[in-house]
Structures are given as C-alpha cells and as structure tokens.
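Each chain, letter by letter, is given below.
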Amino acid sequence: MRDIILQLEESGKILEPTEMERKELLDAAWDYSNNFIKNIETTKAYEPDNSPINKLDELNLNQPIPIEEIVRILDECIDNVGINPASGGHLGYIPGGGLYSSAVGDYLAAVFNRYAGLFFGSPGAVRLENRLIKWACDLIGYAEGALGNITSGGSIANLIAITTARDAKNITPDRIRQSVIYYTSQTHHCVNKAVRIAGLAECVTRKIPVDDHFRMNGDALRAQIVRDLEEGLNPFYIAASCGSTDTGAVDPFSQIADIAEEYNIWFHVDAAYGGFFILVDELKPLFEGIQRSDSIVLDPHKSLFLPYGCGFVLIKDGKALFQSQHYMANYLQDAYNGLEDVSPADLSPELTKHFRGLRIWIPLQLYGIQPFSDYLKEKWLLTLYFHTEVQKLGFEAGPVPDLSVCIYRYIPEYGEANAFNAALVKWIQSEGTLFISSTNIDGTYWIRIAIVSFRTHLSTIDQYLTILKKGIAAVHAANH
Ligand SMILES: *Cc1c(COP(=O)(O)O)cnc(C)c1O
C-alpha cells in the first residue's frame, strides 16, 4: 500500500511545477498578454463568429498539450472572435475594460488562494473586502451600520438587494400577491429576473411612466402608490436606475426618497453602470438623494474599468442583510469564535468565493482615485461632444445624455427610418473596427453609443464619426 501511494505521489508531481516551469508558464502568459495590449489599438472591436467548425469542440480535454499550443488556441478560438471588451473601440451595450493591475490582483489571489469567505479563514482578505465596502458606502453617502458584499456582478448584487428587502419587509408567501414593485420601462432586465428568482414573480408590478429624459416620473409614481393603497395593496419595493442601459438616464432620487419615506417603501437604486460617475464633481447634483436609498448596486467591472467579475451590493441597514443571508452550520463551529469582523459568507449566498477584493484594491491603491474620476469625466464629456457632432451629420439625437450613453438615429430623405438605422448598425458591426449596439424604445429603433472603456478617447469618437459617414453612404448605395 505504501509503495502504491508513493508511486501515485510521484506520477501526480507535474501538478506542482518547478520554479523553471513556473517561469515558462508566466513567460508564455506575459508574451501573450503583452502582445495583446501592444496591438489593442489596431485590433478590431468586433469579429463575427463565422467559422463553421470550431477547434474547441475537437479538443480532448483529458490529454495534455503544451503551453505554446494552449496560447495558440487562445489566440485563434477565443481572442479573435466576438466583441473585444478590452478595446477602446467597444462602444456597445455597457463596455467593460480590464485594467492590467487588476489582472495582477486576480493572479496573486489565485496563487495564494486565501479563503475570503470567512473572517476566521482569512482575517486579512475579509478585512480588505470590508474596507472596500466601507469605501463604497462612503462614496455613496451611507453612514455607519451599512454592510455590503462584493459579488460577481450587478445581477447577483440586484438579487441580494431584493432578497434582503423581501425579508426585511416581511413579504411572506401569503403577502406576495398584495405586494407591489415599482420600476420603469428603462429598468435593467436583471431586476425582473431577480424578482422571479427571489420568489416574487406574483407581486404586482407597476411600470411607472418616464419623462422626456427617460427618468422615472416621480408624480406618476406617487399617484400610483396612492391608488395601490386605496386598493388595499402593499407598496413594497421601488427599483430606481442610476444610469439606465438604453439611455444612461438617472432617476430623480430626492423625489423618490421623499415618496419612499412617506409610504415606508424599500428604495433600491441600480447604479451598476452609472454609480461611479458620482466621482465627477459636475455630475454630483444628479446623485443628490441617492444616499437616502435603502440599497444600491455598483459594478466596478463597468465604470471603474476593471475586468469582468465584480459588483457591489450595499445595504443601508446592514443587520437586515445579515439576517437575510446568515446561516450557521455544525462544521463551521470553529469559525465563529470571537467574530471580529463580519464575513462575506454571512452577507451573500456564496460560501467559498474568489478573493475579488484584491482586483479592486490593487488599482485603487496603486493609482489613487484621481485618474478614475478624470477618466469618468472624460467619458462624460466625450458623450456630450458626440451628442453635438452626430447631429451635424444629419442624425436626430435623444436628450442630452445624463452620463455616457447617447441615442441617435438617422432620418433618411425617403424610406423607413427604422430599417435604415438597422441596416446602418449591421454595416458598422460587420465592418468591425468599432462596436456599437442598438435599442428599441416604444417601437423606435435607436443606435446607441456607450462610452465607458478607459481606452476610449477623442480619437476613437472622431474615428467613429467618420465610420458613421461611410456607413450612411454605404447604406444609401445599397438602397439604390
Ligand atoms: C450591467 C447592468 C446590470 C447587470 O449587471 P451584470 O454585472 O452584467 O450582472 C444591471 N443593471 C444595470 C443598469 C446594468 O448596466
């Protein structure tokens, strides 16, 4: 038996590379990532997936291949197809980015693999994450007593928020059908998804009208709540947006907060995309009242330029979050002696988790906050610039952007505008230098630009305006 065990130990040794082998792996990763970044400005932002057969399907995952081959597959099958979110030319949906220093954080977190779920397991990792949550609370204006969690992104963060509200407001199964959720046509679909996953699909939902800036109409909200109360319903949850996906609209928080307080309704803000624009002094007035919300979602993997995989949920009444998420298990009895600091596992559905805090902390600590607020201001100004310039090309533009999303549509001399703009988007996407997306608002087709990537600059926007001109000519030519 001892011999067999020792033999197995020997044959598995490949899993612990030597120092030289570790260096070879890292060198390959370094070369690859270095070339990727060196070429980022000339790499297309979008490449359609045209290959009929995919090499990835043919891989035998049980057989080893060398790192050189692995890197080749990465290049061919993953990094050369679809949207390139690391590109400053990604101007569609809500772009990501991917700060290099954050990737270093991921690498280090994976090497030492600290257990960031429980304070007992890694007091350091948990302290760091709790410091980051406190930092985010300070940014928004939540006082002492607020708690939060670093999630994988905005969707899970929204789910935690509504679950907490459900429990805090005691929406037991017998009360679901009388309880009312308020949102708008501009609310992100992950909020609807969270409602259903939280078992609240049978709540009454009210889509509150928006104004001509696509912001929630506060007067209409109040009127609807009054009607609902008269009908004996239980107004429960208001989901406001801080930067809607379609247009970047910011709802009127002060007015909503007044209403939520008056009628004792949970006031949630989905600031997944827009939240960090609070760092821009000129935009602070838009955020007035956001600190009066009960919960908020922020996505550092959007407007803090980090690679995908991190969101924040912040809950003003931290105890409500703890009560909604905390469980005790027999096998964790050692983990709860002399709790100094609350653990992520008590504040989210996750137990074991990636030490996400490191990927947020390293860039912040390395550069300080100033470059982030400068770049966010740059993106906002680029959007205002685009809003003006695109109209000079004969486009109709939506309202002056609140943040960094602008909608616009070309009005052709003859023919149907929706079809023309759809053809234009198709042309731009197949050209692929830059990537943009579209939306449909009440039957009207709009093209969107969302300027969020840290690599998007004035030259990118000027390039895009040129591409738009070419695209219009191409669609006109195709129509003749
Ligand atoms: C992106 C986004 C979400 C969803 O967040 P994920 O990180 O993609 O899960 C929710 N709300 C808004 C407003 C968003 O922009």
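Residues numbered from 1 in each chain as written. Predicted model: local features only at pLDDT ≥ 70, side-chain atom pairs only at ≥ 80, totals over all residues. Heavy atoms only, no water.

> Got a minute to help me understand the overall build of the protein chain in this structure?
The helix and strand tally for the protein chain stands at 16 helices and 13 strands. A compact globule built from 480 residues should have a C-alpha radius of gyration of about 23 Å, and the protein chain, at 25 Å, falls within 12% of that. In terms of overall dimensions, the protein chain has a C-alpha envelope of 80 × 60 × 40 Å along the principal axes. Partitioning the contacts of the protein chain with sequence separation of at least 6, the portion at a separation of at least 24 is 75%. Carbon and sulfur atoms make up 54% of the accessible area of the protein chain, which totals about 23,400 Å². Charged side chains in the protein chain number 40 positive and 59 negative. The centres of these two groups are separated by 2 Å. (Helix = DSSP H or I, 4+ residues; strand = E, 2+ residues; numbered from the N terminus. Rg over C-alpha atoms; globule rule 2.2 N^0.38 Å. Contact = heavy atoms within 4.5 Å. Areas by Shrake-Rupley, 256 points an atom, 1.4 Å probe, with all protein chains shown as cover. Lys, Arg positive; Asp, Glu negative; His and termini not counted. Charge placed at Lys NZ, Arg CZ, Asp CG, Glu CD.)

> Is there a simple way to explain the site of the ligand in this structure?
Taken together, the neighbourhood of the ligand is formed by 14 residues, with Gly 154, Ser 155, Asp 270, Asp 299 and Lys 302 sitting nearest. One of the side-chain nitrogen or oxygen atoms of Ser 155 is found 2.6 Å away from an oxygen atom of the ligand. Taking His 301, its side chain carries an N or O atom lying 2.8 Å from an oxygen atom of the ligand. Isolated, the ligand exposes 380 Å² of accessible area, and the fraction of that covered by the protein chains is 85%. Of all the elements in the fold, those that place two or more residues in the shell around the ligand are helix H7 (154-168) and helix H11 (300-303). (Near = heavy atom within 4 Å. Polar contact = N/O pair within 3.5 Å; in protein donor to acceptor, adjacent residues only side chain to side chain.)

> Which parts of the structure should I look at to understand the packing of H7 against helix H8 (residues 189-197)?
The description of two helices packed together rests on the angle between their axes and the distance between the axes. Close contact between H7 and H8 brings their axes to 9 Å; oriented N to C, the two are set at 45°. When the interaxial angle is binned, H7 and H8 end up oblique. The chirality of how H7 crosses H8 is right-handed. Across the interface between the two elements, Gly 154, Ser 155, Asn 158, Leu 159 and Ile 162 from H7 touch Cys 190, Val 191, Ala 194, Val 195 and Ile 197 from H8. Its residues assigned to classes, the contact of H7 with H8 shows seven nonpolar, three polar and no charged. (Axes fitted to C-alpha atoms, helices over the stretch in contact; angles between N-to-C directions. Parallel < 35°, antiparallel > 145°, perpendicular 65-115°, else oblique. Left-handed = near helix turned anticlockwise from the far one by under 90°. Nonpolar A, V, L, I, M, F, W, Y, C, P; charged D, E, K, R; others polar.)

> Mind showing me how you'd approach the pairing of strand E12 (residues 437-441) here?
On E12, burial follows the alternation: Ser 437, Thr 439 and Ile 441 on one face are buried, whereas Ser 438 and Asn 440 on the facing-out side are not. One ladder, built from five bridges, connects E12 with strand E13 (residues 444-450); its direction is antiparallel. Looking at the pairing, Asn 440 lines up with Tyr 445 of E13. The antiparallel hairpin formed by E12 and E13 contains two residues in its connecting segment, where Asp 442 sits at a positive phi of about 50°. (Buried < 20%, exposed > 50% of the residue type's maximum accessible area, 1.4 Å probe, protein only. Pairing = 2+ DSSP bridges.)

> How should helix H13 (residues 357-367) be read in this particular structure?
An α-helical turn contains 3.6 residues, so any two residues separated by three or four positions project in the same direction. Turning to H13, its buried residues number three or more, namely Gly 357, Leu 358, Arg 359, Ile 360, Ile 362, Pro 363 and Leu 364. Against the buried residues of H13 lie helix H5 (100-112), helix H6 (123-140), strand E3 (147-151), H11, strand E9 (311-315) and helix H14 (370-392). Following H13 by one or two positions, Gly 368 adopts a phi angle in the positive range, close to 75°.

> What should I look at first to understand the sheet that holds E9 in this one?
As a general point, the strands of a sheet are linked pairwise by backbone hydrogen bonds and lie either parallel or antiparallel. As summarised here, the arrangement of the seven strands in space is E3-E9-E8-E7-E6-E4-E5, forming an open sheet in which the pairing is mixed. Each edge of the open sheet is held by one strand with a lone partner, namely E3 and strand E5 (204-208). Taking the axes of each pair of neighbouring strands and ignoring which way they run, one obtains an average angle of 15° across the sheet. The pairing of strand E8 (residues 295-298) with E9 spans four bridges and is antiparallel.

> So what exactly am I meant to see when it comes to the environment of Ala 260 here?
Mapping Ala 260 onto the fold places it in helix H10 (residues 253-263). Residue Ala 260 is classed as buried on the basis of its relative accessible area of 6%. Those residues in contact with Ala 260, other than ones at most four positions away along the chain, are Ile 238, Ile 265 and Phe 267.

> Is there a simple way to think about helix H16 (residues 458-479) in this case?
Compared with an ideal rise of 1.5 Å per residue, which puts 22 residues at 32 Å, H16 spans 32 Å between its outermost C-alpha atoms and is within 8% of the ideal. Among the residues making up H16, those that are buried are Thr 460, Ile 461, Tyr 464, Leu 465, Ile 467, Leu 468, Gly 471, Ile 472 and Val 475. On an axial view of H16, the arc spanned by its buried residues comes to 165°, and they lie on one face. Of the residues in H16, the exposed ones pointing more than 90 degrees away from the buried face are Ser 459 and Ala 477. (Expected span 1.5 Å × (residues − 1). Arc of directions from axis to C-beta.)

> What's the story with a nonpolar patch on the surface in this structure? I'm lost.
Together, Leu 26, Trp 30, Ile 37, Tyr 100, Val 104, Tyr 107, Leu 108, Val 111 and Phe 112 make up an exposed nonpolar region whose accessible area comes to about 810 Å². Going through the elements one at a time, helix H2 (19-38) and H5 are the ones with two or more residues in the nonpolar patch. With six residues, the single largest contributor to the nonpolar patch is H5. Examined against the element boundaries, Val 111 turns out to sit in helix H5. When its relative accessible area of 56% is taken as the criterion, Val 111 is described as exposed. (Patch = residues over 30% accessible without salt bridge, like charges linked within 9 Å, V, L, I, M, F, W, Y side chains within 5 Å. Salt bridge = Lys/Arg side-chain N within 4 Å of Asp/Glu carboxyl O.)

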